[in-house]
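Read off the chains here:
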Amino acid sequence: AIRRIDHVGIAVPDLDEALAFYRDKFGLISEHEEVNEEQGVREAMLVPADGDPTSGRVQLLAPLRPDSAIGKFLDRSGPGIQQMAYTVDDIEKTSEELRAKGLRLLYDAPRRGTAGSRINFVHPKDAGGVLVELVEPGPGH
Ligand code: V0V
């Protein structure tokens, strides 16, 4: 089952520029940065500096390569919201439930996401034009 909004993912051409923008304009600061080669991204998770610690995160996603998911998104749509991610307890179970409801999941088995999480995606054409990500947090998160 879906527990909460995990993060909203925003495609950006330049991670360092975007980090400075979100910090200076909105007071959102980076709690974690990571390169994910398989996904072709350099990414950062942002939280409100003095906000509710349980807040959903903002994930900035910059492409490592033009032919990556984020590279293609930037080409087609320009910078902006690329995905909506929900926290789930058991990603295999939730994926199976969604498949049974007729939604296409992008991966047969979960792949590695931020900070040891496991992730899968619902195809945007099956979710009202929204790329929906499922996130099972890593141990200790
Ligand atoms: C494509 N479409 C989208 C979309 N990307 N619609 C809404 N939101 C998006 N992000 C539309 C596109 O405009 C087309 O519509 C249609 O879907 C088919 O597009 P396509 O040509 O197949 O597009 P591709 O080749 O860009 O692939 C789209 C998918 C790809 C969603 C399959 O982006 C993908 O595999 N995404 C999952 C992985 C990912 O996003 N990784 C980066 C984040 P029309 O023109 O036919 O109407 S990594 C991450 O989140 C991590 C590490 C984490 O959270 O931990």
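Scroll up to find the structure this text is about.
This write-up is about the structure you can find in this document. It should be emphasised that the depicted structure is a prediction, and the values quoted were computed from it without experimental measurement. (Residues numbered from 1 in each chain as written. Predicted model: local features only at pLDDT ≥ 70, side-chain atom pairs only at ≥ 80, totals over all residues. Heavy atoms only, no water.)

In this structure, Ile-10, Val-12, Leu-15, Ala-18, Leu-19, Tyr-22, Leu-28, Ala-44, Leu-46, Val-58, Leu-60 and Ala-62 together form the largest nonpolar core, which totals twelve residues. With four residues, helix α1 (residues 15-26) is the largest single contributor of residues to this core. For Leu-28, the contacting residues outside a window of four places in its chain are Tyr-22, Arg-23, Leu-46, Val-47, Pro-48 and Val-58. Core analysis: the second largest hydrophobic core is formed by seven residues, Leu-98, Leu-105, Val-122 and Leu-134 among them. (Core = buried A, V, L, I, M, F, W, Y, C linked by side-chain atoms within 4.5 Å. Buried < 20%, exposed > 50% of the residue type's maximum accessible area, 1.4 Å probe, protein only. Helix = DSSP H or I, 4+ residues; strand = E, 2+ residues; numbered from the N terminus. Contact = heavy atoms within 4.5 Å.)

Strand pairing in a sheet takes place through backbone hydrogen bonds and is either antiparallel or parallel in direction. If you trace the eight strands from one edge of the open sheet to the other, you get β2-β3-β4-β1-β5-β8-β7-β6, paired in mixed fashion. Lying at the two open borders of the sheet, with one neighbouring strand each, are β2 (28-36) and β6 (111-112). The pairing of strand β3 (residues 41-48) with strand β4 (residues 57-63) spans six bridges and is classified as antiparallel. By the bridge assignment for β4, Val-41 is matched with Pro-63. Contacting β1 (2-11), β3, β4 and β5 (80-88), helix α2 (residues 69-77) crosses the sheet at an angle of about 90° to β4. With respect to the sheet, helix α3 (residues 91-100) is in contact with β5, β7 (118-122) and β8 (132-136), its orientation differing from that of β7 by roughly 10°. (Pairing = 2+ DSSP bridges. Axes fitted to C-alpha atoms, helices over the stretch in contact; angles between N-to-C directions.)

Counted under the stated rule, the structure contains twelve salt bridges. Here Arg-3 and Asp-89 are joined by a salt bridge, their closest N and O atoms 2.7 Å apart. Note that Arg-3 is positioned in strand β1 and Asp-89 in the loop between β5 and α3, a separation of 86 residues in sequence. Overall, the relative accessible area of 53% leaves Arg-3 in the exposed class. Via salt bridges that share partners, Glu-37, Arg-65 and Asp-67 belong to a single interconnected network. (Salt bridge = Lys/Arg side-chain N within 4 Å of Asp/Glu carboxyl O.)

Before going further, it helps to spend a moment on the pairing of β3. Taken across its eight residues, β3 has six buried, putting it largely inside the fold. In this structure, β2 lies alongside β3, joined through eight bridges in antiparallel fashion. Its bridge partner lying in β3, Glu-33 is registered against Ala-44. Between the antiparallel neighbours β2 and β3 lie four residues, among them Gly-40 with a positive phi of about 70°.

Right, let's talk about α2 for a bit. In an α-helix, one turn spans 3.6 residues, which is why side chains three or four residues apart end up on the same side. Of all the positions in α2, only Ile-70, Gly-71, Phe-73 and Leu-74 are classed as buried. Burial along α2 is one-sided: seen end-on, the buried residues are contained in an arc of 165°. Exposed side of α2, more than 90 degrees from the buried face: Asp-75 and Arg-76 are the residues found there. At its buried positions, α2 is contacted by β1, β3, β4 and β5. Within two residues after α2, Gly-78 carries a phi angle of roughly 80°, on the positive side. (Arc of directions from axis to C-beta.)

Another point: the environment of Thr-114. On the secondary structure map, Thr-114 appears in the loop between β6 and β7. With 79 residues separating them along the chain, Thr-114 and Val-35 place their C-alpha atoms 8.8 Å apart. Looking at Thr-114, its side chain comes within polar contact range of the side chain of Glu-43, at 2.5 Å. (Polar contact = N/O pair within 3.5 Å; in protein donor to acceptor, adjacent residues only side chain to side chain.)

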